[in-house]
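Residues per chain, in single letters:
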Amino acid sequence: MTVNADLAMVNLDSSDPVAHARFYHRVLGWEVTHSQAEYAMISADGVSIGFGLVPGYTPPAWPDETAGKRYHLDLYVDDLAAAEKEFVAAGAAKPEFQPGGERWVVLIDPIGQPFCICPRPQG
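Residues numbered from 1 in each chain as written. Predicted model: local features only at pLDDT ≥ 70, side-chain atom pairs only at ≥ 80, totals over all residues. Heavy atoms only, no water.

Trainee: Explain the nonpolar core to me, using residue names and the numbers behind them.
Mentor: Ranked by size, the top nonpolar core spans 21 residues in total, and within it Tyr24, Phe87, Phe115 and Ile117 carry the most contacts. Contributing elements (two or more residues each) for this core: helix H1 (17–28), strand E3 (39–44), strand E4 (47–53), strand E5 (73–77), helix H2 (80–89), strand E6 (105–108) and strand E7 (114–119). The dominant element in this core, judged by the number of residues it contributes, is H1, at 4 residues. For Phe115, the contacting residues outside a window of four places in its chain are Phe23, Tyr24, His72, Leu73, Leu75, Phe87, Ala92, Val105, Val106, Leu107, Ile108 and Asp109. (Core = buried A, V, L, I, M, F, W, Y, C linked by side-chain atoms within 4.5 Å. Buried < 20%, exposed > 50% of the residue type's maximum accessible area, 1.4 Å probe, protein only. Helix = DSSP H or I, 4+ residues; strand = E, 2+ residues; numbered from the N terminus. Contact = heavy atoms within 4.5 Å.)

So this is what it looks like as structure tokens:
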């Protein structure tokens, strides 16, 4: 017997859950469904991303060859250049190190967590 699960939620550590949720609300267009200093959440189509306050949270360095791998989000976009411009205007930063070439762009969210934007597959 094979059991398959559906992703219900991803919870991310944060130094500022409200700002973190607002940023990804703007990037993904998902609804802010909870917003308090200790915890915030965005949701769409039955899936949520939660942002939980971690006192003393330190974002990962980018790149950091000495630390263990942490999570990062990969997001599909229709226009890589337009998305990069929009997300930087929303508060993201573009680090110098870009290992993806033309295949993806690494950005750093306002909390300091890397995420990638990738061209949406065609067809």
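Trainee: Can you lay out the sheet that holds strand E2 (residues 31–35) for me, pointing to particular residues and giving the numbers?
Mentor: A sheet is described by the order of its strands in space; here 4 strands give the open sequence E1-E4-E3-E2, paired in mixed fashion. At either margin of the open sheet sits one strand with a lone partner, and together these are strand E1 (9–14) and E2. For this sheet, the mean inter-axis angle between neighbouring strands, taken without regard to orientation, is 20°. Where E1 meets E4, 6 bridges bridge the pair, whose relative direction is parallel. Of the residues in E4, the one forming a bridge with Leu12 is Phe51. Contacting E1, E2, E3 and E4, H1 runs over the sheet at an angle of about 15° to E3. (Pairing = 2+ DSSP bridges. Axes fitted to C-alpha atoms, helices over the stretch in contact; angles between N-to-C directions.)

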